[in-house]
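# Chains, contacts and geometry: an overview
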Amino acid sequence: MVLQCVIAAAALHAPTRTYECAAARGSRRPYTAGLIVPTGVGAAIGGYAGDAMPVARALTAVADTVVTHPNVLNGAQMYWSHDAFQYVEGFALDEFAAGRWGLRPASAQKVGLLLDAAIEPELRLRHLQAADAARATLGLCVAAHATTDAPLGVELQMSPSGASWGALRRPDALLAAARRLQAAGCTAIAVVARFPDDEDEEMLAAYRAGDGVDAIGGAEAIISHLITKELRLPCAHAPALPALGLEPGLAPRACAEELGHTFLPCVLANLARAPSLLDGSERPLPGDLWRDSLDALVVPADACGGAAVLALAASDTLVVGVEENTCAMAVSPERLGGGVVRVRSYMEAIGLLAAHKAGVNPACLTPTVAPIADLEVPAEPGHGRSGRVSEEPGERSELGAAAY
């Protein structure tokens, strides 16, 4: 039985958005922003372990809550805790954006550690010691560990576009171990699977030099997606890999991945504070987050084909595409029909969100401010005319089509 990652393309006809239509915000509640950087697509920022974390940290200066995912906040030995962060597995983030699941911020989760039976004894011990270190030094509730009854059989593959993906031979063994941890009272699952050693040497060298695609990111997403989808529990994955030889020319963005024997510390620290996942059957509590709580979503401009963007591009949520964060997905806002405000950089995106939160029309922060639109008086019935937005020939109205 093989579980494969399939990316489906969908057509979406959403209104093109401009600065002008990004200004209105109909609430003074705390500001909530989402931050997505897909894994395994060679993102210029977020293509390595934790290198999008500075973006998430900067967003906290504007947003009261930042809903993001493991690829942004996992930096192997490096991590950053912040009360604003809501660490949400990718499948759960898509469900949240679609309005099917909610998030309940938690002060602590009871984390279960799931180990692949394929992990060698010494490497297995390293991960168990990392879990004990998290208990002893951070005070985390890493409650129990379980080992799969068979090797998971992780396979790595690359798509023609250059994105990584993969397959899992024994998803049944993964779910069985996860259910044992859930039955023992664990409320979040940290998975450690043994990944293949036979990564392409040329590709690995390019990655370590700071110019490549994370070959394991796509397969990691498959593992956490499956557990979250089936058990509705927060989940994140840390790969089990042997240490690489010392590389003097290692790129700074790759350094976090080669500091120690395991990627587990950031996963345990983040899962311990991950929000609980709601399906709507629970009694509502103050602070619960649902789709309509999301004021803005920031994504790479080339990564607009994900389920969350498709769900939100025609909604009241301000969706922002960052051009500098190029990636292999090559799905631009224009391919969706619009619905996304383009900005050049994350610094510009943060400025746009600051204006959005303050209720300032961001178009008024530019050198050229368009005049107020003139709505013509509707013609008398039977005269064949109707009200419209006046505009110069060939120019689109700055009002936009989104209603706020």
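The notes below deal with the structure included here.

## Here we look at the pairing of strand E2 (residues 32-35)
- Every second residue of E2 is oriented toward a common face, with Thr32 and Gly34 on one face and Ala33 and Leu35 on the other, all of them buried.
- Across 3 bridges, E2 lies against strand E3 (residues 65-68) in parallel orientation. Bridging across to E3, threonine 32 finds its partner in threonine 65.
- A crossover links E2 with its parallel partner E3, the connecting element being helix H1 (residues 53-59), and its sense is right-handed.
- Pairing between E2 and strand E13 (residues 296-300): 3 bridges, direction parallel. If you follow leucine 35 over to E13, its bridge partner there is valine 298.

## Topic: the environment of arginine 283
- Mapped onto the elements, arginine 283 comes out in the loop between strand E12 (276-278) and E13.
- In contact with arginine 283, other than residues within four places in its own chain, are Arg104 and Asp288.

## As for unusual backbone geometry
- In this structure, alanine 76 is a non-glycine residue whose phi angle is positive, near 60°.
- Of the residues examined, alanine 76 reaches a relative accessible area of 3% and is grouped as buried.
- If you check the backbone angles, alanine 330 has positive phi at about 55° while not being a glycine.
- By the element assignment, alanine 330 lies in the loop between strand E14 (318-322) and strand E15 (341-343).

Calculation criteria
Along each chain, residue indices are assigned from 1 in the same order as the chain's sequence is written. Residues qualify for local features only when their pLDDT is at least 70, as the model is predicted, and side-chain atom pairs are given and counted only at 80 or more; totals for whole chains, interfaces and linings, by contrast, use all residues. The side-chain numbers reported here are obtained from all heavy atoms of the structure, hydrogens and water having been left aside. Accessibility here uses a 1.4 Å probe with only protein chains present; expressed as a share of the type maximum, an area under 20% marks a residue as buried, one over 50% as exposed, and anything in between as partly exposed. Each helix is a run of DSSP H or I of at least 4 residues and each strand a run of E of at least 2, with the numbering of both proceeding from the N terminus. Strand pairing requires that DSSP identify at least two bridges connecting the strands. Note on handedness: a crossover is taken as right-handed if, strands pointing away from the viewer, the path from the first strand over the helix to the second is clockwise. Note on definitions: a residue-residue contact is assigned when non-hydrogen atoms from the two residues lie within 4.5 Å.

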